[in-house]
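The residues making up each chain are set out below.
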Amino acid sequence: MQTLCHRALASLLLTAAAGPVLAEEERTAWRLFVSDHQDGIVSVLDPQSGETLARLPIGGPASLYRTESGKTVHAVQGAAGRVTAIASGIAFDDHGEHRDIEVGEARLLDVTFEGDSPSHFVEHHGDIALFFDGEGAARITTEAAILDGSVATEDHATDAPHHGAAAVFASHLLVSAPDPADPDELPIGIGVLTLAGEPVGDLHECPELHGEASSGNLMAFACATGLLVVRSQDGAPQVEHLAYPDGLPDGAVTTVIGGRGLQYFLGNYGPDAVVLVDPSAEEAFRLIELPTRRVHFAVDPIRAKYAYVFTEDGTLHRLDVLAGEVAGSLPLTEPYSMDGEWSDPRPRVAVAGDQIAVTDPLRGLVHLVDAESFETAGEVAVEGMPFNVVAIGGTGFVPE
Ligand code: ZN
């Protein structure tokens, strides 16, 4: 049930009486969570002040994932074999016509999930699926349970250890199926299960499955042959294969992210291009070529028509996802060649309100770019090698 906070009630009463509107105190707060390339540490930065708010010790170098609500960040430490939950310290309380913001300390929650080679982390509407490659198993929990301090999970094993992924979608479980001929290869498809673990229908083929994302009410998995697009129909997931068209050059999506505000997917495609995917469009795939090889990409959750791609020449590009073209390029760092190991330290991108944050691991910096003007707007020093980054924040009324 929705309750009116004190302020909403006061403002409603005043509006009804056509009296003066209360001077309501708005607050904007953003935080960058930055993991280190070498060490088990997550730095929490305030991009506005440039201050380091906290340095949170975790087990090892981590990939970071934020949830839709922004209440938690999850540090997946593949080599260290654990997933550590972090409370972002920022929470929004939606009151319909406005929202309240509560700002507290970012801190480690006393919740870690230990296991063999955790890899893909998928959160969807508060449901969390952790996949442990070394076990070939998905562990399912919720953000609410984690915030309550619970480490309990529902576990679903697959036929063999493999580099897989799982997701909770439309009250069902989607789980990758390992290649029976060689589970060390990428998975061959997605199975749908009830939450009790009963299979529903046949395997949905997705050769060399790698990468998943959601956008609006859709979820997508990337395959060698196209994308599996999942929608909710009659309370169950409906899975459809969207093949790469003949017009695309040879290639495949292996990393996919989902648009916010606009429903689309953005994937890598070969080393020096990205592909925009609009499953509802007649021509669902639009290729955007880049001047050099691609390092990382992110969508803009606020300016929905933009996404950003960082390339190895040290340049950040602004993509206009409606026009399907690069609409601005900003040199930002020294070159970060894509030669060498895939895991070498290279920049990562996240959008924090009106600023785009780009990590620069070799210089120990996070660059800030004004998202409106697309010009540089300062930098924040970070100890060590700032690597993966997620942003959490927004604007709300300060509750009394
Ligand atoms: Zn992976």
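None of the values given here were measured: they were computed from a predicted structure.

### Concerning the overall build of the chain
Within the chain, the secondary structure is distributed over 2 helices and 34 strands. The C-alpha atoms of the chain give 21 Å as radius of gyration, which agrees with the globular expectation for 400 residues (21 Å, within 12%). Structurally, the chain occupies a C-alpha span of about 70 × 50 × 45 Å along its principal axes. For the chain, the residues scored as buried account for 52% of the 400 residues in total.

### So, the sheet that holds strand E27 (residues 306–311)
Taken in spatial order, the 4 strands line up as E26-E27-E28-E29 in an open sheet, and their pairing is antiparallel. Two strands lie at the open edges of the sheet, namely strand E26 (294–299) and strand E29 (325–331), each paired on one side alone. For this sheet, the mean inter-axis angle between neighbouring strands, taken without regard to orientation, is 20°. With 5 bridges connecting them, strand E28 (residues 315–320) and E29 associate as antiparallel partners.

### Observations concerning the packing of aromatic side chains
Counting across every chain of the model gives 4 aromatic pairs. Between the aromatic rings of Tyr244 and Tyr269, the centroid separation amounts to 5.6 Å while the plane-to-plane angle is 85°, which identifies the pairing as edge-to-face. A residue pair is termed long-range when its members are at least 10 positions apart, and Tyr244 in the loop between strand E21 (236–243) and strand E22 (256–258) and Tyr269 in the loop between strand E23 (265–268) and strand E24 (273–277) qualify at 25 residues. For the residue pair Tyr244 and Tyr269, the accessibility class agrees, reading buried in each case. Taking the centre distance of 5.5 Å and the plane angle of 70° together, the rings of Tyr244 and Phe285 count as edge-to-face. Taken together, the residues Tyr244 in the loop between E21 and E22 and Phe285 in strand E25 (residues 285–289) connect sequence positions 41 residues apart. Aromatic ring contacts, followed pair by pair, group Tyr244, Tyr269 and Phe285 into a single cluster.

### A short note on the pattern of salt bridges
Going through the model one piece at a time under the given rule, you end up with 11 salt bridges. In this structure, Arg231 engages Glu240 in a salt bridge whose closest nitrogen and oxygen atoms are separated by 3.0 Å.

About the criteria used
Residues numbered from 1 in each chain as written. Predicted model: local features only at pLDDT ≥ 70, side-chain atom pairs only at ≥ 80, totals over all residues. Heavy atoms only, no water. Helix = DSSP H or I, 4+ residues; strand = E, 2+ residues; numbered from the N terminus. Rg over C-alpha atoms; globule rule 2.2 N^0.38 Å. Buried < 20%, exposed > 50% of the residue type's maximum accessible area, 1.4 Å probe, protein only. Pairing = 2+ DSSP bridges. Axes fitted to C-alpha atoms, helices over the stretch in contact; angles between N-to-C directions. Phe/Tyr/Trp six-rings, centres within 6.5 Å; stacked < 30°, edge-to-face > 60°. Salt bridge = Lys/Arg side-chain N within 4 Å of Asp/Glu carboxyl O.

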